[in-house]
Amino acid sequence: MPGAYPQLIQLDQKKPLTAVIKEVCDKWNLPGPDNYALQYADGVQTYITESNRLDIKNGSILRLTKAPGRCAEDLYKGIQSSDSGVRCDSMKLLADVSTDITFAQEFISRDGHSLLVKIVEDAHEAPLIMTHTLTAFMELMDHGIVSWENLSSVFIKKIASFGNAKVLDTSIQQVSLAILESMVLSSSSLFNEVKHEITLERLVSHLQVTNQQLQTKAMALLMAMLLAGGEADRQVRNIIHSSSSVGDEMAHYLYVLQTVRLNHLEARMRTPLDSYNQVYFKGICFTGSGRPNSASLNPGLDLSRCPPGLLALDTMAYFASRYPDAYSRFVLENSSREDKHECPFARSSIQLTLILCEILRIGEPPSETGSDYHPIFFAQDRLLEELFCICIQLLNKTWKEMRATQEDFDKVMQVVREQITRTLSSKPTSLELFKNKVNVLNYSEILKLRQTERLHQEETLAPPVLELKERLKPELLELIRQQRLNRLCHGTLFRKISSRRRQDKLWYCRLSPNHKVLHYGDVEEETEMPSIEALQEKIPVADIKSVVTGKDCPHMKENKGKQTKEVLDLAFSITYDVEEYSLNFIASSRTDFCLWTDGLNVLLGKEMSSESMRSELEILLSMEIKLRLLDLENVPIPDTAPPIPKPPSNFNFCYDFSQAEQ
C-alpha cells in the first residue's frame, strides 16, 4: 500500500483471496477490506483475482490498493469534476488502469464508456484531456466487453474529423486513427461509415509527416481498409490502383504508400506513375495481386500465414531502408526480365523469412536438450534482419544461376535453404564470414556436394551388398504389388463430397478376387465390407484407360480454385471406355490414396510411384539385408518351418492379475 512500510507476507494460495486481503488489512489496521485489492507492483500492474492468482510467481511483489470497483467509482466521479485539473488527472489514471480487464468490467458496468463517448462528442475538453479520453476509450474497447457496433454515427464522425483535421494535436490524431482502424476491422458496416468520413488525401498527408508514430497509425488504418473485405474493400483498392482517375497527387500517394511501408526508400527511387506501377506490381510481386496491374491486390493475404506473419514485412522494410541500392537493384533487375523469369520479391521475402525462422527455431519454445550453438548471434544486434539482407541477395543470385522460372520457385527455395544450413553448420563467427562462405556455395557447388554425398553413401556399402540389394528388389516389389491388390480386393469406404463442400453420402469400391472387375456402389453408414453382389455398379479392368491424380482429376477441374490443397492431395480418378467416363475418388487419408493409386497402376501394368511404396521398399530391403547378413555359420537352417509344440497340460503358470486387483 502506498505510504506503508513494505512487509514480507507469504501468500497462502489455499485461502480465499478475500481472507488474504482481510489479513493484510488487519496488519495495517485498515477498515473495510472490501474496498481493497491486491495488485502487481512491477511491470503490468494487473489486479489479482481468483482466476489469475495461480499465475503469481514466487518472489513477485504485490501491493494493497483500491479495489477495482472503488477505483472505478472514484474515477467515474473524477472525470466529471468541475475542476479541469482533477479531470485531467482522473482521465490520465483512467487511461492507465483501463488496460486491466477487471477494472474495465467495473467501469463499463457503471456505463463509464458511454460517458467517454459523450465527452468526445461534445469535444469541449483541452487537447491533453481529450488524448487521455480517447486512450482510455481505446483500452476499454480492446477488452471486447462492449461491441464496436454500438457506437453512434455522431461519435464516428467526430473521431474521423480528428483524423481529417489539418491542424490538431498529433497525440489526438494518433489515437483517433487507431480507433478508426479497430472500427474498420470489427465490421463491414462500420468500415462503410469510416470510408465515407475519412479522406484518403488526409491519410496520404499523414504518411508524409516526420512523426513516425503518426505514419504508423495512418499506414495501419490503410492496411485495415485493404483487409476489411467485401465490396467496400474492392472500392478502396480500385481507388488506390486506378491510375486513369488520379493525377500527380495520387501518383505520389502510391509512391509514398510503398516507400513508407518499406521505411523511407531513398528519394531517387521516385519514378513516374507508369514506371512506378511496373516496379510496384511486377517487382514487389505479392501473390495476392493475381496478375500485374490487377485491382484485386491484397498484400494481407500473403502475410496471413504465421510464422512468418508481419515479421516478413519487417525484414523487407529493413532491407529497403538499410540497403536501398541493393533493394533497387533487386526490384529493377527483375522488372526488366520476362514475366516467367522474374524473381518475385515479396513472395521470396516471405518464404525466406519462414526458412530463417525454421532454421533458427524462431517462435519455438526453448529446448532443454538443444545442442545447436551459433556464435554469429553474439556478433550482431539485429542478426535476423542482417541475415535476411544477405540471403535475399543470395536468393536472387541463385535464381539467376538456376535460370529459374515461376514454376521453379520451390526448387530455388530448397537450394537456398541448403546454402544457409550448410554455411551455418560451419559456425561462422561474424556476418562478413557468413556472407563470404554462403556466396562461395553457389548452385553448381551445391550440385557437386549432393553428388559427392550420394556417391559416398553408395560407396559405404560393399559391392556384394549392393548386388544383393538389387537382386532382392524385384522380389520385394512383387510382395508390395500383391499387398496392394489384396487391399483393393478387400475394398475401401469413400465419401462423396458435394458441390457445397458438405460430406453426405458413402460409397464402397472393391476389386473382384480374379482382379478383372471393379465393383462399386452406395452404402449405408457403418457398413464394414459389403459383398460384391451388394455393389450394383462395375467397371471391367480391361476398359480402364488411365489413372489421374490431383488437379488433373475431372471432379477437381469442375471445381477449380475451390478445393483445398488437402483435398487435391487425396483426389484420384480412373478414366474408362474412350476416356469419356470417369470414376472419381477422394481418399480419407494419404495412406489410402497411395494404396489405391499403386494398386490401380499394378492392374494397368504400370510402375508404382507413391511415397508409401518407396518407404515400404526401403524398410523391407533394410530388414531383408540385415537378415541375410546375420552370422549364421554352423547354424542349421531347416527347409521347413518347425512344428508347433503341443499346448501344456495345464496353465497354472499363468498369473491372474484380475484376482490380485480384487
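A quick note: this is a predicted structure, and the numbers were derived from the prediction, not measured.

Here we look at the overall build of the protein chain
Piece 1. Looking only at helices and strands, the protein chain features 28 helices and nine strands.
Piece 2. Every one of the 662 residues in the protein chain was classed for burial, and the buried ones make up 44%.
Piece 3. Of all intrachain contacts in the protein chain linking residues separated by at least 6 positions in sequence, the fraction that spans at least 24 positions is 61%.
Piece 4. Of the roughly 37,700 Å² of accessible surface on the protein chain, a fraction of 51% belongs to carbon and sulfur atoms.

So, the pairing of strand 1 (residues 36–40)
Piece 1. Of all five residues in strand 1, five are buried, a share of seventy percent or more.
Piece 2. Where burial is concerned, the two faces of strand 1 agree: the one with Tyr36, Leu38 and Tyr40 and the one with Ala37 and Gln39 are both buried.
Piece 3. Relative to strand 2 (residues 62–66), strand 1 is paired through five bridges, and the arrangement is antiparallel. The residue of strand 2 that forms the bridge with tyrosine 40 is leucine 62.

Focus on the pattern of salt bridges
Piece 1. Taken as a whole and assessed by the stated rule, the structure comprises 24 salt bridges.
Piece 2. When the shortest N-O distance is used, the salt bridge between aspartate 74 and lysine 66 registers 2.8 Å.
Piece 3. Residue class for lysine 66 comes out partly exposed when judged on its relative accessible area of 33%.
Piece 4. Among the charged side chains, a network of salt bridges with common partners joins Glu418, Arg422, Arg450 and Glu453.

So, the sheet that holds strand 7 (residues 544–549)
Piece 1. Spatial strand order, 7-8-9: three strands in an open sheet with antiparallel pairing. If you trace the sheet from one side to the other, it starts and ends with strand 7 and strand 9 (581–586), each paired once. Direction aside, the axes of adjacent strands within the sheet are offset by 20° on average.
Piece 2. Bridge analysis of strand 8 (residues 571–576) against strand 9 gives six bridges, and the strand direction is antiparallel. Each bridged residue has a counterpart across the sheet, and for tyrosine 576 the counterpart in strand 9 is tyrosine 581.
Piece 3. The sheet strands contacting helix 26 (residues 590–603) are strand 7, strand 8 and strand 9, and the helix crosses strand 8 at an angle near 20°.

Describing the packing of helix 3 (residues 84–97) against helix 6 (residues 127–142)
Piece 1. Put simply, helix 3 and helix 6 touch, their axes get as near as 8 Å, and they point 30° apart. With respect to helix 6, the axis of helix 3 lies roughly parallel. Judged by the sense of rotation from one axis to the other, the crossing of helix 3 with helix 6 is left-handed. Between helix 3 and helix 6, the residues in contact are Ser84, Arg87, Cys88, Met91, Lys92, Leu94 and Ala95 and Leu128, Ile129, His132, Thr133, Thr135, Ala136 and Glu139, respectively.

Brief notes about the confidence of the model for the protein chain
Atomic detail in the predicted coordinates should be set aside for any region of low pLDDT.
Piece 1. With 81% of its residues at a pLDDT of 70 or more, the protein chain shows a mean pLDDT of 79.
Piece 2. Low pLDDT, under 50, characterises residues 230–237; the stretch is placed with 19 contacts to residues that sit more than four places away or in other chains.

A look at the pairing of strand 8
Piece 1. Among the six residues in strand 8, six count as buried, and that is most of the element.
Piece 2. Residues of strand 8 alternate between two faces, with Ala571, Ser573 and Thr575 on one and Phe572, Ile574 and Tyr576 on the opposite face, all of them buried.
Piece 3. Where strand 7 meets strand 8, five bridges bridge the pair, whose relative direction is antiparallel. Residue pairing in the sheet places isoleucine 544 in a bridge with tyrosine 576 of strand 8.

A look at the packing of aromatic side chains
What describes a pair of aromatic rings is the distance from one ring centre to the other and the angle between the planes of the rings.
Piece 1. For the coordinates displayed, the defined rule picks out 20 aromatic pairs.
Piece 2. Seen from their ring centres, phenylalanine 494 and phenylalanine 585 are 5.1 Å apart, and the 75° between their planes marks the pair as edge-to-face. Separated by 91 residues along the polypeptide, phenylalanine 494 in strand 3 (residues 492–497) and phenylalanine 585 in strand 9 bring together distant segments of the chain.
Piece 3. For phenylalanine 585, a relative accessible area of 1% corresponds to the buried category.
Piece 4. With 6.1 Å between their ring centres and 80° between their planes, tryptophan 507 and tyrosine 520 make a pair best called edge-to-face. One end of the pair, tryptophan 507, is in strand 4 (residues 503–511); the other, tyrosine 520, is in strand 5 (residues 517–523), and 13 residues separate them in sequence.
Piece 5. For tyrosine 520, a relative accessible area of 14% corresponds to the buried category.
Piece 6. Each member of the aromatic cluster is reached from another via a ring pair, and the members are Phe494, Trp507, Tyr520, Phe572, Phe585, Phe593 and Trp596.
Piece 7. Of note, arginine 347 hangs over the ring of phenylalanine 409, and the distance from its end group to the ring centre comes to 3.8 Å.

Considering the side chain of serine 349
Piece 1. Within the secondary structure, serine 349 sits in helix 18 (residues 345–359).
Piece 2. Given the relative accessible area of 0%, serine 349 is considered buried.
Piece 3. For serine 349, the residues in contact, after removing those within four places along its chain, are Met316, Phe388 and Ile392.

Description of unusual backbone geometry
Piece 1. One non-glycine residue with positive phi stands out, namely aspartate 111, at about 60°.
Piece 2. Turning to its location among the elements, aspartate 111 is positioned in the loop between helix 4 (101–109) and helix 5 (112–122).

Details of the side chain of histidine 374
Piece 1. Considering the arrangement of structural elements, one finds histidine 374 in the loop between helix 18 and helix 19 (383–401).
Piece 2. The class for histidine 374 is buried, based on a relative accessible area of 16%.

Some details on a nonpolar patch on the surface
Piece 1. On the surface, a cluster of nonpolar side chains totalling about 380 Å² of accessible area is made up of Tyr373, Phe377 and Phe378.
Piece 2. Structurally, phenylalanine 378 is set in the loop between helix 18 and helix 19.
Piece 3. Classification of phenylalanine 378 by relative accessible area gives exposed; the value is 67%.

Some words on the environment of arginine 403
Piece 1. Here arginine 403 lies in the loop between helix 19 and helix 20 (409–425).
Piece 2. Here arginine 403 falls in the exposed class, since its relative accessible area comes to 70%.
Piece 3. Taking the C-alpha atoms as reference points, arginine 403 and glutamate 342, separated by 61 residues in sequence, lie 9.9 Å from one another.
Piece 4. Excluding its chain neighbours within four sequence positions, the residues that come into contact with arginine 403 are His341 and Asp408.

Re helix 19
Piece 1. End to end, helix 19 covers 27 Å across 19 residues, agreeing with the expected 27 Å (1.5 Å per residue, within 8%).
Piece 2. Of all the 19 residues making up helix 19, 15 are buried; the element is thus mostly covered by neighbouring parts of the structure.

Reading the values: the criteria
Residues numbered from 1 in each chain as written. Predicted model: local features only at pLDDT ≥ 70, side-chain atom pairs only at ≥ 80, totals over all residues. Heavy atoms only, no water. Helix = DSSP H or I, 4+ residues; strand = E, 2+ residues; numbered from the N terminus. Buried < 20%, exposed > 50% of the residue type's maximum accessible area, 1.4 Å probe, protein only. Contact = heavy atoms within 4.5 Å. Areas by Shrake-Rupley, 256 points an atom, 1.4 Å probe, with all protein chains shown as cover. Pairing = 2+ DSSP bridges. Salt bridge = Lys/Arg side-chain N within 4 Å of Asp/Glu carboxyl O. Axes fitted to C-alpha atoms, helices over the stretch in contact; angles between N-to-C directions. Parallel < 35°, antiparallel > 145°, perpendicular 65-115°, else oblique. Left-handed = near helix turned anticlockwise from the far one by under 90°. pLDDT = per-residue confidence, 0-100. Phe/Tyr/Trp six-rings, centres within 6.5 Å; stacked < 30°, edge-to-face > 60°. Lys NZ or Arg CZ within 6 Å of the ring centre and 35° of its normal. Patch = residues over 30% accessible without salt bridge, like charges linked within 9 Å, V, L, I, M, F, W, Y side chains within 5 Å. Expected span 1.5 Å × (residues − 1).

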